[in-house]
Amino acid sequence: MSGRVWWRLAWRNLGRNRKRTLITGAALAFGYLAAVVIVGVSDGIVAEMIDNGTSLLQGQVQVHAPGYLPERSLYATLGGDSGMALSPVLERLRELPGVTGAAPRVLGGGLVSAGSQTSGAVLMGEDPALEPRVSRLMAAIATGRAPEEGTRQVLIGSEMARKLGVGPGSEVVLVAPAADGSLGNDLFTVSGVYRTGVRELDAAYALLPIGTLQSLLALAPGRVHEIALGLSDPWTAAAVADSARAVLAAAGVPADVRSWPRFRPEIADYARLARASNWILIAIVFAMAVFGVANTMLMATFERRREFAVVRALGTTRSGVARTVVYEGLILGAFALVAGALLTAPILVWWHRSPPDMSFLYGGFTMAGALVRPVLRVQYSLEAPLLAAAALLVTAVLAAAYPAWRATRVPPADALSDR
Amino acid sequence: MRGSDTHVTDPTAGDRTTPGPSATAVRTEGLWKIYEQEPAPVEAVRDLSMEVRAGDFVAMAGPSGSGKTTLLNLLGGLTAPTRGRVWVAGRDLTELSGRELARLRLEHIGFVFQAYNLLPVLSAMENAEFTLLLRGLPTAERRERVRTLFREIGLDGLEDRRPGRLSGGQQQRVAVARAVVGEPALILADEPTANLDSATGDALLGVMERLNHERGVTFIFSTHDPRVMERAHRLVHLVDGRIESDVRPSGRGSTA
Ligand SMILES: Nc1ncnc2c1ncn2[C@@H]1O[C@H](COP(=O)(O)OP(=O)(O)O)[C@@H](O)[C@H]1O
Ligand SMILES: [Mg+2]
């Protein structure tokens, strides 16, 4: 019934010492800005890691025949020895929500040699039309072109090229044990050289058109070792993996479906750690703010001791006195939140759209085995701004709680005491 | 030495504006207030029993430190007695919870303070209507009551001013309005004229007299000022926390 008078008093009292109110509010607003931006940068680093750790090569969800992992036997193709009808299954996988692409792959171990130099290699057969929607290896070409389906062309990494002393146009010999027990070997032309910056990747993989590799390994066209899925949001991987499992079951293809946190646990661990440290960071930022705000509010309430005594004498209950102080905190928090959001939004948008190139500071470096490009892009999320907003309001109320309690302890008889 | 209480029920002092000649606004019985402090406890009010009729206009005089403020605090339920009892509007304050006391103050007691004690962030109107707001009265009624009162006591046109832009006398009149507007049975005022020059103090006293006379509000106020004492209907002298004399100067407060 009389709630409005407490809001009014709270509001007017905030206007009483504008400078103090402004400074306190600004501290909260900057706390909000700091929390949201730092979490955004941290999320950006994590997103970059996941992207690089999965999109360069593996994809975010992988499908294999049961038992293919970890030995990666040449014979353990999807659908068994007879293989499977690929296109309808790929079609259905692509149609799953959040899936950007589905690409089949053939994998085998082999040797690549040029002249007297030989290098061990993972031979990877990819569909040049489907693969770009799943992984970026073919797009990371430093020189030359991607291999063309129906030709004997191979794309190799920069480390392997250096070791073999070859480049685009060079001839190399590929030797690989084939499924029929023979030793497949043939003369190939290097179509191009890719470079990811991850040394192990750049030394290990030789990319061939999928049909070319199938004939080298004596595998029928329906036999593939892996189907990789690309996702628009890597955090949906577990759910997509479930749907993919259902698609394969419906197609009668026994399958082992894994999402990236399973095959890149180190990245998942880092992401979890980063997330936990985000919350800790928000907690620290606002815990510091609590003391600052509580201190100024306490000062403000001490200055109004007599007024609290007066309103008590006039018939206000203790809770009425407490309410007006808490409302003051809430109003301050709400304004700080609006100011903080108005301040934060453009910074986030700018930072997301045009991430500063940090290569002057550091080159591409690897973190948990994943390439991190030298850009510092903030990642939007709804979670961080909402959580920081809640933290800000809780901070404001917590900061008001002790001063409010102190205000209720002012004896009403103080109203009559001589000044 | 408490024999002077007999004056309280002086039958010659009728009052036409109160519900009945014997209605009691305030009563105390064996009231003590002892402040525990070093080096020795202070007995601010000592075994004080008195009764104030509804509609009376009582001044409490006495030297500084004689217990006037403490007694007003006790009568208003702002502080608890060490011993004894206080009744206001028929209710024993010592038996009420903090919440009940707050409610009783809100509905039955008005305060006027020496230092005015208006809330600086509220306008004169908002200060005056404060207790009505707490009681949840509708805006129109609150405004109407305050306006009428402001007209009566010469505060017309000052409704929107903040206390900082009012003179001392005006502030004290707003404070009186704040105390009166809820039509409490009792108004307690602690040296209400002490901060005012004598002309302004006179005027304020006039306002209080009118409210007492026309609305039947009971006033109990403390004062140092002999000219204020002269205008009281009943004059209680405190010394060392006790009533030293309690007189009803002839003619005043009676119908004659
Ligand atoms: N809160 C208090 N704590 C301790 N002593 C007090 C307190 N209030 C008043 N006193 C003491 O009680 C006595 C009466 O004070 P008070 O009621 O203020 O008298 P008056 O209003 O007549 O000047 C004085 O000795 C004063 O020092
Ligand atoms: Mg006093």
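Since the structure is predicted, the reported quantities are computational estimates derived from the model, not experimental observations.

Digging into the overall build of chain B
Along the backbone of chain B there are eight helices and ten strands. Residues classed as buried in chain B amount to 55% of the 256 residues present. With an accessible surface of roughly 10,600 Å², chain B has 48% of that area assigned to carbon and sulfur atoms.

Focus on the sheet that holds strand S4 (residues 83–88) of chain B
Residues and elements named next belong to chain B. Taken in spatial order, the four strands line up as S2-S1-S4-S5 in an open sheet, and their pairing is antiparallel. Looking at strand neighbours, the two that pair on one side only are strand S2 (42–53) and strand S5 (91–92), the edges of this open sheet. Note that strand S1 (residues 24–35) and S2 share eight bridges and pair antiparallel. Along S2, the bridge assignment pairs Lys33 with Val45. Each of S1, S2 and S4 is contacted by helix H1 (residues 68–75), which is oriented at about 120° to S1, the strand it contacts most.

Focus: the site of ligand 1
All names here are of chain B. Around ligand 1, the neighbouring residues are Tyr35, Gln37, Val42, Ala44, Pro63, Ser64, Gly65, Ser66, Gly67, Lys68, Thr69 and Thr70. Separating an oxygen atom of ligand 1 from a backbone N or O atom of Ser66 is a distance of 3.2 Å. Between Thr69 and ligand 1, the recorded distance is 2.7 Å, taken from a side-chain N or O atom to an oxygen atom. For ligand 1, whose free accessible area comes to 550 Å², the fraction covered by protein is 63%. Elements supplying a minimum of two residues to the shell around ligand 1: S2 and H1. When residues in the shell around ligand 1 are grouped by element, the largest group, three residues, is from H1. Among the residues forming the shell around ligand 1, the class breakdown is four nonpolar, seven polar and one charged.

Notes on the sheet that holds strand S9 (residues 234–239) of chain B
Residue and element names in this part refer to chain B. Taken in spatial order, the six strands of this open sheet run S6-S7-S8-S3-S9-S10, and their pairing is mixed. With one partner strand each, in any of the chains shown, strand S6 (109–112) and strand S10 (242–247) form the two edges of the open sheet. With strand direction ignored, the average angle separating the axes of adjacent strands in the sheet is 20°. Of the pairings in the sheet, the one linking strand S3 (residues 57–61) to S9 comprises four bridges and is parallel in character. Bridge pairing in S9 places Ala61 opposite His237.

Section: the packing of helix H6 (residues 168–180) of chain B against helix H7 (residues 198–215) of chain B
Residue and element names in this part refer to chain B. It is the contact of H6 with H7, at a shortest axis distance of 10 Å, that shows an interaxial angle of 20°. One element, H6, and the other, H7, form an angle in the roughly parallel class. The crossing of H6 and H7 is right-handed. Residues Gly169, Gln172, Arg173, Val176 and Val180 of H6 lie in contact with H7, whose contacting residues are Thr200, Leu204, Val207, Leu211 and Arg215. Class assignment for the residues of the contact of H6 with H7 results in five nonpolar, three polar and two charged.

A look at the confidence of the model for chain B
Residues and elements named next belong to chain B. On average, residues of chain B score 87 in pLDDT, and 89% of them are at 70 or above. For residues 1–21, every residue scores under 50 in pLDDT, and the model assigns this stretch 33 contacts once sequence neighbours within four places are set aside. Prediction confidence for the complex, expressed as pTM and ipTM, is 0.78 and 0.87 respectively.

With respect to the interface of chain B and chain A
Counting residues at the interface gives 30 residues for chain B, matched by 26 residues for chain A. Between chain B and chain A, the buried area comes to about 2,500 Å², and carbon and sulfur atoms account for 64% of it. The tally of links between chain B and chain A comes to three salt bridges. Taking the shortest distance from any N to any O, the salt bridge between B:Glu129 and A:Arg8 comes out at 4.0 Å. On the surface where chain B and chain A come into contact, there are seven residue pairs in polar contact (both at pLDDT 80 or more). Counting residues per element, the ones that place at least two in the side of chain B that touches chain A are H1, helix H2 (98–108) and helix H4 (130–134) of chain B. Looking at the side of chain B that touches chain A, its residues break down into 14 nonpolar, eight polar and eight charged.

Describing a nonpolar patch on the surface
A contiguous nonpolar surface patch, about 330 Å² in accessible area, is contributed by A:Ile280, A:Ile284 and A:Met288. Counting through the fold element by element, A:Met288 comes out in helix H9 (residues 265–303).

Some words on the pairing of strand S6 (residues 171–177) of chain A
All names here are of chain A. Of the two faces of S6, only the one carrying Val172, Leu174 and Ala176 is buried; Glu171, Val173, Val175 and Pro177 on the other face are not. Pairing analysis gives three bridges linking strand S2 (residues 99–114) to S6, with the strands arranged antiparallel. Its bridge partner lying in S6, Ser113 is registered against Val173. Where S6 lies against strand S7 (residues 183–194), seven bridges are found, and the strand directions are antiparallel.

A few points about helix H7 (residues 237–250) of chain A
All names here are of chain A. Compared with an ideal rise of 1.5 Å per residue, which puts 14 residues at 20 Å, H7 spans 20 Å between its outermost C-alpha atoms and is within 8% of the ideal. Listed as buried for H7 are Ala237, Val240, Ala241, Ala244, Val247 and Leu248. For H7, the angular spread of buried residues about the axis comes to 120°, placing them on one side. Every exposed residue of H7 that faces more than 90 degrees away from the buried side is listed here: Ala249 and Ala250. On the buried face of H7, the contacting elements are strand S1 (61–64), helix H3 (86–95), S2, strand S9 (226–231), strand S10 (256–259) and helix H8 (260–263). In the stretch just after H7, Gly252 is the one whose phi turns positive, near 75°.

Points about the domain arrangement of chain A
Residue and element names in this part refer to chain A. Domain annotation of chain A identifies domain 1 (3–53 + 267–416) and domain 2 (59–263). Between domain 1 and domain 2, the C-alpha centre-to-centre distance is 49 Å. Counting each side, the surface lost to burial between domain 1 and domain 2 is near 730 Å², with a carbon and sulfur contribution of 65%. Run the count over domain 1 and domain 2 and you get one salt bridge. Taken together, the connections running from domain 1 to domain 2 amount to two residue pairs in polar contact (both at pLDDT 80 or more). Elements with a minimum of two residues in the side of domain 1 that touches domain 2: helix H2 (18–55) and H9.

Section: the packing of aromatic side chains
Enumeration according to the criterion identifies nine aromatic pairs over all chains in this entry. Ring centres of A:Trp350 and A:Trp351 lie 6.3 Å apart, and the angle between their planes is 50°; on these two criteria the pair is classed as tilted. Geometrically, the ring pair formed by A:Tyr402 and A:Trp405 is stacked, given 6.3 Å between the ring centres and 20° between the ring planes. Of this pair, A:Tyr402 and A:Trp405 both sit in helix H12 (residues 383–408), three residues apart, which is roughly one turn of the helix. Exposure remark for A:Trp405: the relative accessible area of 47% places this residue in the partly exposed category. One aromatic cluster is present, formed by B:Phe57, B:Phe219 and B:Phe221 through successive ring pairs. Lying over the aromatic face of A:Trp235, A:Arg275 brings its terminal NZ or CZ to 5.2 Å of the ring centre. Its guanidinium or amino end placed over the ring of B:Trp32, B:Arg83 lies 5.0 Å from that ring's centre, counting from NZ or CZ.

Cut-offs applied
- Residues numbered from 1 in each chain as written.
- Chains lettered and ligands numbered in written order.
- Predicted model: local features only at pLDDT ≥ 70, side-chain atom pairs only at ≥ 80, totals over all residues.
- Heavy atoms only, no water.
- Helix = DSSP H or I, 4+ residues; strand = E, 2+ residues; numbered from the N terminus.
- Buried < 20%, exposed > 50% of the residue type's maximum accessible area, 1.4 Å probe, protein only.
- Areas by Shrake-Rupley, 256 points an atom, 1.4 Å probe, with all protein chains shown as cover.
- Pairing = 2+ DSSP bridges.
- Contact = heavy atoms within 4.5 Å.
- Axes fitted to C-alpha atoms, helices over the stretch in contact; angles between N-to-C directions.
- Near = heavy atom within 4 Å.
- Polar contact = N/O pair within 3.5 Å; in protein donor to acceptor, adjacent residues only side chain to side chain.
- Nonpolar A, V, L, I, M, F, W, Y, C, P; charged D, E, K, R; others polar.
- Parallel < 35°, antiparallel > 145°, perpendicular 65-115°, else oblique.
- Left-handed = near helix turned anticlockwise from the far one by under 90°.
- pLDDT = per-residue confidence, 0-100.
- Buried area = accessible area lost by both parts, 1.4 Å probe.
- Salt bridge = Lys/Arg side-chain N within 4 Å of Asp/Glu carboxyl O.
- Patch = residues over 30% accessible without salt bridge, like charges linked within 9 Å, V, L, I, M, F, W, Y side chains within 5 Å.
- Expected span 1.5 Å × (residues − 1).
- Arc of directions from axis to C-beta.
- Domains from an automatic or database assignment.
- Phe/Tyr/Trp six-rings, centres within 6.5 Å; stacked < 30°, edge-to-face > 60°.
- Lys NZ or Arg CZ within 6 Å of the ring centre and 35° of its normal.

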